[in-house]
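Reading the structure
What follows is each chain in one-letter form.
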Amino acid sequence: MSRIKQCFENLEKSGKKALIPYITAGDPSPEHTVTIMNALVDAGADVIEIGMPFSDPMADGPVIQLACERSLAAGTSVRKVLEIIAEFRQGNSTTPIVLMGYLNPIEFFGYQKFADAAKEAGVDGVLLVDLTPEEATDVVECFRQNEIDLIYLLSPTTTLERAKKICDLASGYVYYVSVKGVTGSSELDVDSVKQHVDTLRSVTSLPIGVGFGIRDAKTAAAVSRCSDGVIVGSVLVNCIAENKDQQKEYIADALGAILTPMRSEMDA
Ligand SMILES: O=P(O)(O)OC[C@@H](O)[C@@H](O)c1c[nH]c2ccccc12
């Protein structure tokens, strides 16, 4: 069974919801990332979403755009991201890792080569923002062969018919984007999220994670009550930005201080 599936099954058994932090790999430099990932796990992360830095991250707001810039300036390549994950895997064989990214750097690297190397490094799922279900065929095949889950985004404007089509291609979990717009928003409306998630349940039995705009423990808990997990990105990435000149252990602690209250409020 895939690590992601196993993780959601375990959570369900214990009546808990998934806490899924996002960070950009190599931010502020590749030397920081494994320490940060371990701190996220210690603070209660169930799955880690790792961004591959890209020069034109269309779906990202300024906070994650800047993280991509810092990471690229520090020399983070696709190969380097996979090395970071392989290093993390040496000390952690259970926490699922979802690689989030845009197609361009992967196409350049080669889809088959990337999917094989990702599997080898210990990646469990990929979320490719600009991979539409229509063009998915051969790209998707490379990941399927390697038993890597494909996580797809559904937004408030996705029709139910299209959502069904997307969910049929997805595995692991599906990602409901809580608001129209880019990452780092502050507009999340819990009632509207609940309605959408309830409707999506009619087209999929996969777990439904919700992200975009979750920045505090109260919101994380409220959203987790109407879904199967929450994805938290910009508030963490902003904390990295604010502390980027500190020691990596200091940054790790600062991130833990954001995540720990989310975990306790979600489990309360
Ligand atoms: O940053 P926020 O608003 O907390 O949302 C999570 C998000 O950052 C993370 O899942 C993510 C980062 N970049 C993305 C691009 C598309 C979809 C999702 C993402």
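Residues numbered from 1 in each chain as written. Predicted model: local features only at pLDDT ≥ 70, side-chain atom pairs only at ≥ 80, totals over all residues.

So, the overall build of the protein chain
- When helices and strands are tallied, the protein chain shows 12 helices and nine strands.
- For a compact globule of 268 residues, the expected C-alpha radius of gyration is about 18 Å, and the protein chain comes in at 17 Å, within 12% of that figure.
- Dimensions of the protein chain, computed from the C-alpha atoms along their principal axes, are close to 45 × 45 × 35 Å.
- Taking as baseline every contact in the protein chain between residues at least 6 positions apart, the subset at least 24 positions apart corresponds to 76%. (Helix = DSSP H or I, 4+ residues; strand = E, 2+ residues; numbered from the N terminus. Rg over C-alpha atoms; globule rule 2.2 N^0.38 Å. Contact = placed C-beta atoms within 7 Å.)

A short note on the site of the ligand
- Contacts to the ligand come from 20 residues, most closely from Y22, A59, T183, G233 and S234.
- Of all elements in the fold, only β2 (48-51) and β9 (229-232) reach the threshold of two or more residues within the shell around the ligand.
- Counted by class, the shell around the ligand contains 10 nonpolar, eight polar and two charged residues. (Near = placed C-beta within 6 Å. Nonpolar A, V, L, I, M, F, W, Y, C, P; charged D, E, K, R; others polar.)

Looking at the environment of A254
- The topology assignment puts A254 in helix α12 (residues 248-267).
- Using a count of 17 C-beta atoms within 10 Å as the deciding quantity, one classes A254 as partly exposed.
- Sequence separation between A254 and P53 is 201 residues; the distance between their C-alpha atoms is 22 Å.
- Leave out the neighbours within four places in its chain, and A254 touches C239 and N243. (Buried ≥ 20, exposed ≤ 12 C-beta atoms within 10 Å, placed from the backbone.)

Comments concerning the sheet that holds β2
- Read across the sheet, nine strands follow the order β5-β4-β3-β2-β1-β9-β8-β7-β6 without closing on themselves; strand pairing throughout is parallel. Each edge of the sheet is formed by a strand with only one pairing partner; in this case those strands are β5 (149-150) and β6 (153-154).
- Along the sheet, helix α11 (residues 234-242) contacts β1 (18-24) and β9; its crossing angle with β1, the most-contacted strand, is approximately 40°. (Pairing = 2+ DSSP bridges. Axes fitted to C-alpha atoms, helices over the stretch in contact; angles between N-to-C directions.)

Considerations on the UniProt feature "active site" (unreviewed entry) in the protein chain
- Listed under "active site" (unreviewed entry) in the UniProt record, and renumbered for this structure, are E49 and D60.
- Using a count of 25 C-beta atoms within 10 Å as the deciding quantity, one classes E49 as buried.
- Setting aside chain neighbours within four positions, we find E49 in contact with I20, Y22, V98, M100 and I231.
- Positionally, D60 belongs in the loop between β2 and α3 (62-73).
- Accessibility expressed as a C-beta count within 10 Å gives 23 for D60, which makes it buried.
- Beyond its immediate chain neighbours, meaning those up to four positions away, D60 contacts Q65, V182 and T183. (UniProt positions renumbered as here; feature names shortened; annotations may be inferred.)

Side note on unusual backbone geometry
- Here D27 and P28 are connected by a cis peptide whose omega angle stands at 0°.
- Residue placement: P28 occurs in the loop between β1 and α2 (30-42).
- Unusually for a residue other than glycine, E147 sits at a positive phi of about 55°.
- By the secondary structure assignment, E147 is in the loop between α7 (137-145) and β5.
- The exposed category is assigned to E147, around which 12 C-beta atoms lie within 10 Å.

What to know about the pairing of β2
- Here β2 shows a buried face lined by I48 and I50 and a second buried face lined by E49 and G51.
- As judged from the three bridges shared by β1 and β2, these two strands associate in the parallel manner. Following the sheet pairing, I23 is matched in β2 by I50.
- Since β1 and β2 lie parallel, the crossover through α2 that links them has a hand, and here it is right-handed.
- Sheet topology note: the β2/strand β3 (residues 97-101) ladder contains four bridges and is parallel. When the sheet's bridge partners are listed, E49 is paired in β3 with V98. (Right-handed = clockwise from strand over helix to strand, strands pointing away.)

Concerning the nonpolar core
- Counting residues in each nonpolar core, the largest one holds 87 residues, and the members touching the most others are V126, I151, V174 and Y175.
- Setting aside chain neighbours within four positions, we find V174 in contact with I151, Y152, L154, C167, T204, L206 and I208. (Core = buried A, V, L, I, M, F, W, Y, C linked by C-beta atoms within 7 Å.)

Section: the pairing of β3
- Of all five residues that make up β3, five are buried, and the element is covered over most of its length.
- Because side chains alternate across β3, one face comprises the buried residues I97, L99 and G101, and the other comprises V98 and M100, equally buried.

Structural notes on the environment of S71
- Within the fold, S71 resides in helix α3.
- Of the residues examined, S71 has 27 C-beta atoms within 10 Å and is grouped as buried.
- C-alpha of S71 to C-alpha of P30: the two residues are 41 residues apart in sequence and 7.4 Å apart in space.
- Among residues more than four places away in sequence, those in contact with S71 are T24, A25, G26, D27, P53 and T76.

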